[in-house]
Amino acid sequence: MQYLLLIYGKESDWTKLSAAEMAKMDQEYGAFTQSIAKSGHLRGGNQLDTISKATTVRMRDGKRLVTDGPFAETKEQLGGYYLVEAKDLDEAIGIAVRIPSVRSGSVEVRPIVPHEMPS
Amino acid sequence: MASSPATLVRGGPVNIDQVASEKVAIEKIYHEESARILATLIRLLGSFDLAEEATQEAFAAALEQWPRQGRPVNPRAWLVSTGRHKAVDLLRRRTRFENKREELQRLVAIEQQLALDPEDAILGGETLSDPMQRDDRLRLIFTCCHPALMIEAQVALTLRTLCGLATEEIAKAFLVPAPTMAQRLVRAKTKIKDACIPYRIPPNDELTERLTAVMLVVYLVFNEGYNAASGDVLIRRELCAEAIRLGRLLSELLPREAETRGLLALMLLHDSRRDARMSAEGEIILLEEQNRGLWNQEQIREGLALTEAALRSAPPGPYSVQAAIAAVHARAKTAEETDWAQIAALYDVLLRLQPSPVIELNRAVAIAMARGASEGIRLLNDLELKGELRGYHLLPAARGDLSRRLQQWESAAGAYRQALGLVSNDAERRFLARRLAEAESKMQ
């Protein structure tokens, strides 16, 4: 069973971090990522750039609508994700609570719907 | 089980009386054991819906076979085993027509498990000494009360699966339309399946956290049995017994959690009054008019001891405080001896722990009994202005009772009329109607 762990937090809080705090955060994320890779749970993951660099597109009546910014303005923003393999929701939750940002933001745990992928 | 045994029994000479008595016996087993059988089948089959179907089919098979072949030595093990094979048949029938990958995988898993067929798997490890592992219903209650489900869904699912309540009954108990409740149950079962919520008792480090939700559900089950939301049967002994049994298991399971003892004590102390709460004609008898000789002294003794044990651990939680309130009633030899000041003080504590308009209502009644009805009426009027209890029949019923004590018959009648417009339980409706008739006769 695969789960996507979506990491939400206040972007303004992240950008306020000092260089030392940032380095500490990087180190914590590095250690976490390594540990779930070692335990065989990690299937993928990335940090996302800030929403100021996000672009949203829609097609309406055959016309492209391109706008600046994220899909929705929310208090907490999607800042990154992990794709993990876990035996059940409890195991996925157990991994999610170890993500460093869970202490200040929140992590949404979403089961992946299995589909055949073209190889 | 809508089918009659006569239509189910095919072939062979069968004595009609024997069929009828066997049907009664099977219905009793259904009543007492179906939840436990369902819980075991959910574990063995890995699907709520499949287990529900398999349970029904197993009982249908019992109706057909037992009158002719005799009842098996261990009916529950027979029903679980039959349910398991019925599930395989059900899945085979489905996968024959369409290639459903999920059901095919489930079929393979069940068939592999059946090939191994450990007895212990069927009986749910009853022989194990660890109380945590002994009962599949405990596993089921922790899955039904998983925090990833909405609390309303947790309660509904537990009542549906562990207590066998109909969707309509649960809807009535929680004042929502039946289709809403049905949808809630479907959504919860779908999330358990698709998000892969495990079917197990949580590990030690998560137990305490998960326990709060479980205790709430157990208490709501007890209340459903104690004050059934509708119909003529005010007391559903099995539901109360079920909740008490689950409460007992929880308190055995977590001896360090004082609240499990508080909850068990609370349920025992309420249940001890069961035989005194209703007349032979099925009419409600209020606490102050009950024959206290009918109270179950064994339950009271156990309840009082548990309350004391729960209160010794500081700080006591809401169930322990409610048990302490029930204990004050249990200790009073007569209604007049009731220490209402103590009860009012305990409601103050409870209100701080767990602010709720229903507790405010109870507190107002206790204050009325301790300090006079007019003070209680003032508090009830304040509560009515807040509007949080709109639609709750016990608010006008309490106002009617206090007005009655003050012999203000006109306002008592008005309050009882209002309560009658809101009540759904037949026994309560008859009680309120009697009180209304009394007030109206005094008005003239």
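Look up: the structure comes first, before these words.
For the structure given in this document, a descriptive report is provided here. (Residues numbered from 1 in each chain as written. Chains lettered and ligands numbered in written order. Predicted model: local features only at pLDDT ≥ 70, side-chain atom pairs only at ≥ 80, totals over all residues. Heavy atoms only, no water.)

### Considering the overall build of chain A
Working step 1: The helix and strand inventory of chain A stands at three helices and six strands.
Working step 2: The order of α-helices and β-strands along chain A, N terminus first, is β-α-α-β-β-β-β-α-β.
Working step 3: In terms of overall dimensions, chain A has C-alpha extents of about 50 × 45 × 25 Å along its principal axes.
Working step 4: Among the 119 residues that make up chain A, the fraction classed as buried is 25%. (Helix = DSSP H or I, 4+ residues; strand = E, 2+ residues; numbered from the N terminus. Buried < 20%, exposed > 50% of the residue type's maximum accessible area, 1.4 Å probe, protein only.)

### Description of the interface of chain A and chain B
Frequently, the measure chosen for interface size is the accessible area that the parts lose on association.
Working step 1: In this assembly, 10 residues from chain A lie in contact with 11 residues from chain B.
Working step 2: Put simply, Arg200 of chain B and Asp90 of chain A hold a salt bridge, and the shortest N to O gap is 2.7 Å.
Working step 3: In this structure, the connection of chain A to chain B is made through four residue pairs in polar contact (both at pLDDT 80 or more).
Working step 4: A per-element tally of the side of chain A that touches chain B places helix 3 (residues 89-96) of chain A first, with three residues.
Working step 5: A per-class count over the side of chain A that touches chain B returns six nonpolar, no polar and four charged. (Contact = heavy atoms within 4.5 Å. Salt bridge = Lys/Arg side-chain N within 4 Å of Asp/Glu carboxyl O. Polar contact = N/O pair within 3.5 Å; in protein donor to acceptor, adjacent residues only side chain to side chain. Nonpolar A, V, L, I, M, F, W, Y, C, P; charged D, E, K, R; others polar.)

### Some remarks on the environment of Ala265 of chain B
Residue and element names in this part refer to chain B.
Working step 1: Relative to the elements of secondary structure, Ala265 occurs in helix 14 (residues 258-271).
Working step 2: Note: C-alpha distance between Ala265 and Asp89 (176 residues apart in sequence) is 45 Å.
Working step 3: Setting aside chain neighbours within four positions, we find Ala265 in contact with Gly303, Leu306, Thr307 and Ala323.

### A look at the packing of aromatic side chains
Geometry of an aromatic ring pair is reported as the spacing of the ring centres plus the angle between the planes.
Residues and elements named next belong to chain B.
Working step 1: In this structure the tally under the stated criterion is five aromatic pairs over all chains.
Working step 2: Consider the rings of Trp66 and Trp78, whose centres lie 5.2 Å apart with planes at 65°: the pair is edge-to-face. Separated by 12 residues along the polypeptide, Trp66 in helix 3 (residues 48-69) and Trp78 in helix 4 (residues 75-97) bring together distant segments of the chain.
Working step 3: Just above the ring of Trp295 sits the side chain of Arg273; from NZ or CZ to the centre is 5.7 Å.
Working step 4: Arg277 extends its terminal NZ or CZ atom over the ring of Tyr226, reaching a point 3.7 Å from the ring centre. (Phe/Tyr/Trp six-rings, centres within 6.5 Å; stacked < 30°, edge-to-face > 60°. Lys NZ or Arg CZ within 6 Å of the ring centre and 35° of its normal.)

### Observations concerning the pairing of strand 3 (residues 55-60) of chain A
Residues and elements named next belong to chain A.
Working step 1: In the sheet, strand 3 pairs with strand 4 (residues 63-68) via six bridges, with the strands oriented antiparallel. Considered in strand 4, the bridge of Thr56 is made with Thr67.
Working step 2: The hairpin formed by strand 3 and strand 4 contains two residues between the paired strands, and Asp61 there has a positive phi angle of roughly 50°. (Pairing = 2+ DSSP bridges.)

### Some details on unusual backbone geometry
Leave glycine aside and you will find that most residues have negative phi; peptide bonds, for their part, are mostly trans.
Residue and element names in this part refer to chain B.
Working step 1: Despite not being glycine, Cys196 has its phi angle at roughly 65°, a positive value.
Working step 2: As for its position among the elements, Cys196 is in the loop between helix 11 (178-194) and helix 12 (204-226).
Working step 3: A positive phi angle, near 60°, is found at Gln407, a position not held by glycine.
Working step 4: Mapping Gln407 onto the fold places it in the loop between helix 20 (394-405) and helix 21 (409-420).

### Some words on the packing of helix 9 (residues 151-161) of chain B against helix 11 of chain B
All names here are of chain B.
Working step 1: Contact pair helix 9 / helix 11: the axes reach a minimum separation of 9 Å and the direction vectors enclose 95°. When the interaxial angle is binned, helix 9 and helix 11 end up roughly perpendicular. Contacts between helix 9 and helix 11 involve Glu152, Ala153, Ala156, Leu157 and Arg160 on the former and, on the latter, Met181, Arg184, Leu185, Ala188, Lys189 and Ile192.
Working step 2: A per-class count over the contact of helix 9 with helix 11 returns seven nonpolar, no polar and four charged. (Axes fitted to C-alpha atoms, helices over the stretch in contact; angles between N-to-C directions. Parallel < 35°, antiparallel > 145°, perpendicular 65-115°, else oblique.)

### Concerning the nonpolar core
Working step 1: Membership of the largest hydrophobic core comes to 104 residues, with the highest contact counts inside it found for Leu5 and Tyr82 of chain A together with Ile141 and Val218 of chain B.
Working step 2: When residues in this core are grouped by element, the largest group, 11 residues, is from helix 12 of chain B.
Working step 3: Not counting residues within four places of it along the chain, the set of residues in contact with Tyr82 of chain A comprises Tyr3, Leu4, Leu5, Ile7, Tyr29, Phe32, Thr33, Ile36, Leu42, Gly44, Gly45 and Ile99 of chain A. (Core = buried A, V, L, I, M, F, W, Y, C linked by side-chain atoms within 4.5 Å.)

### A look at helix 21 of chain B
Residue and element names in this part refer to chain B.
Working step 1: With 12 residues, helix 21 should reach 16 Å at 1.5 Å per residue; the first-to-last C-alpha distance of 16 Å fits that figure.
Working step 2: Within helix 21 the residues assigned to the buried category are Trp409, Ala412, Ala413, Ala415, Tyr416, Ala419 and Leu420. Viewed along the axis of helix 21, the buried residues span an arc of 165°, placing them on a single side of the element. (Expected span 1.5 Å × (residues − 1). Arc of directions from axis to C-beta.)

### So, the pattern of salt bridges
Close approach of charged atoms lets side chains of opposite charge pair.
Residues and elements named next belong to chain B.
Working step 1: Enumeration according to the criterion identifies 34 salt bridges over all chains in this entry.
Working step 2: Note that Arg43 is salt-bridged to Asp136, the shortest N-O span being 2.6 Å. Residue Arg43 is located in helix 2 (residues 16-45), and its partner Asp136 is located in helix 8 (residues 136-144); the two are separated by 93 residues in the primary sequence.
Working step 3: Residue classification places Arg43 among the partly exposed positions, given a relative accessible area of 22%.
Working step 4: According to the relative accessible area criterion, Asp136 is buried, its value standing at 2%.
Working step 5: When the shortest N-O distance is used, the salt bridge between Asp426 and Arg429 registers 4.0 Å. One end of the pair, Asp426, and the other, Arg429, are both in helix 22 (residues 426-443), three residues apart, so they sit about a helical turn from each other.
Working step 6: A single network of salt bridges, built from pairs that share partners, joins Glu288, Glu289, Asp401, Arg404, Arg405, Arg435 and Glu438.

### What about the sheet that holds strand 1 (residues 2-9) of chain A?
All names here are of chain A.
Working step 1: Within the open sheet, the four strands sit side by side as 2-5-1-6. Their pairing is antiparallel. Both outer strands of the open sheet, strand 2 (42-47) and strand 6 (106-111), are each paired with one neighbouring strand and no more. This sheet shows a mean twist of 20° between the axes of neighbouring strands, independent of strand direction.
Working step 2: Direction of pairing for strand 1 relative to strand 5 (residues 77-85): antiparallel, over a ladder of eight bridges. Within strand 5, the residue paired with Tyr8 across the bridge is Leu78.

### Focus on the side chain of Thr260 of chain B
Residue and element names in this part refer to chain B.
Working step 1: Positionally, Thr260 belongs in helix 14.
Working step 2: Judged by its relative accessible area of 1%, Thr260 is buried.
Working step 3: If we skip the residues at most four places from it in the chain, Thr260 touches Leu211, Met215, Gly247, Leu250, Ser251 and Leu254.

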